[in-house]
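Architecture at a glance
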Amino acid sequence: MSNKRIYVVGAFGFLTHQLDGQTIKTRNIYQLLQDKCDSSVLYFDTLAVRKRPFDLFKLLFGLIRCNTLILVPCKGNLTYLFPVAYLLSKIFNYKIVIICIGGWQYEYFMGLGKYRPHKLQMNLCRKIRAHLPEMKIVHDELVEHCHFTNSEVFPNFRFIQQWPITENVGTLRLVFMARIRKDKGFPQIFQALDILKSNHVNVTMDFYGQINTSEKSEFLNLLESHKENTRYCGPLTPSNIIETLREYDVMLLPTRNYAGEGFPGTILDSFIAGLAVIATEWKYSHEFIEDGKVGYIIPFDDCVQPLAEKIAYLNTHRDILLDFKRNSLNEAKKYDDNAAWEVLSKYL
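Remember, predicted model here, so these are calculated numbers, not experimental data.

1. A word on the pattern of salt bridges
Any two side chains of opposite charge can pair if their charged atoms end up close together. Following the criterion strictly, the structure yields 20 salt bridges and no others. The salt bridge involving R52 is made with D55; its shortest N-O contact spans 3.0 Å. Among the residues examined, D55 registers a relative accessible area of 14% and is labelled buried. Note that R231 is salt-bridged to D206, the shortest N-O span being 2.5 Å. Separated by 25 residues along the polypeptide, R231 in strand β8 (residues 230-232) and D206 in strand β7 (residues 203-208) bring together distant segments of the chain.

So, in structure tokens, the structure goes:
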């Protein structure tokens, strides 16, 4: 093993038991480096600082000793931690690679939408070894408008095992797998179920994911009022996701997060499991979902009626559903660990 040290800093969620798209991708990056790299790979869980603030000294020690810092930042860590890590990199001579999660970076840098400008962070990101966004659209924005020369697309990825398609001629099985909160669209799903029921379209609907605490009572009340065909099945561990999803037909993601939603792991896991996808038209949706090939993209606003209509259509056109499922499996091949390593390895 090389005596070089790679330090992965991001939200792992081991201590806090947080399990979402950010923690799963961060863990996958760490696993990718362990599997493919001959250097020593260590990690620091930024979420653990909430419970163990003195771990900041451990973080500092790790930065001083590393040769390459792989930073997988949320907005807070990019704002506060990254400038400190950059300053230390000049003193202790380590490289920095930032791997982005979500699609908010351009708005964050330029002060668009809900963000104030972050010119310092933008200028520093242009000077590091590599800044790797999830989406080509974000990459193009950073290159064209922010003059990045160190940007390359590093899409979401998974360690993929090929599975056969699960065919279904019975009741259409719908699933939602994400953090259960309003901006992921759970109220719209229940409204669509009401329309389907009034039109005598029989489906089942299962929800997987951690429930946002402030919206828990609303979700549980909706679940209770739709208990004849809906279930909450709790969060899934990464090792059980694909095996579980294979039992379903259609993944629903009527997200309400227009610009902040990047390449959701929910969509990628649906491809790997061979599911059709129905999602709203968030900013980057067309980069990952080919409408009419792996599923449907429905309007971002007023999505309830189109959501119900697409579900009803797939329920009566099982041949099209089967085509979507086959196409999803083929789409997944673009996002395996080998494709991810081909991008990341050149910066280590």
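2. Concerning the sheet that holds β7
Pairing is parallel across the open sheet formed by six strands, whose spatial order is β8-β7-β6-β9-β10-β11. Both edges of this open sheet fall to β8 and β11 (295-298), since each of them pairs with a single strand only. Between one strand and the next, the sheet's axes are offset by a mean angle of 20°, whatever the strand orientation. For strand β6 (residues 172-177) and strand β9 (residues 250-253), the ladder comprises two bridges, and the chain directions are parallel. Across the sheet, L174 pairs through a bridge with V250, a residue of β9. Against the sheet, helix α12 (residues 304-316) touches β6, β7, β9, β10 (276-280) and β11, its axis set at about 165° to β11. Contacting β6, β9, β10 and β11, helix α13 (residues 318-332) crosses the sheet at an angle of about 90° to β10.

3. Re the sheet that holds strand β2 (residues 40-45)
The strand order β2-β1-β3-β4-β5 describes an open sheet built from five strands, whose pairing is parallel. For this open sheet the edge positions go to β2 and β5 (130-132), each flanked by a neighbour on one side alone. Strand-to-strand twist across the sheet, computed as the mean angle between neighbouring axes with direction ignored, equals 15°. The pairing of strand β1 (residues 5-10) with β2 spans six bridges and is parallel. Across the sheet, the residue bridging to R5 is S40, located in β2. Packing against the sheet, helix α2 (residues 55-65) makes contact with β1, β2 and β3 (68-72), and its axis sits at approximately 145° to β1.

What counts and what doesn't
- Residues numbered from 1 in each chain as written.
- Predicted model: local features only at pLDDT ≥ 70, side-chain atom pairs only at ≥ 80, totals over all residues.
- Heavy atoms only, no water.
- Salt bridge = Lys/Arg side-chain N within 4 Å of Asp/Glu carboxyl O.
- Buried < 20%, exposed > 50% of the residue type's maximum accessible area, 1.4 Å probe, protein only.
- Helix = DSSP H or I, 4+ residues; strand = E, 2+ residues; numbered from the N terminus.
- Pairing = 2+ DSSP bridges.
- Axes fitted to C-alpha atoms, helices over the stretch in contact; angles between N-to-C directions.
- Contact = heavy atoms within 4.5 Å.

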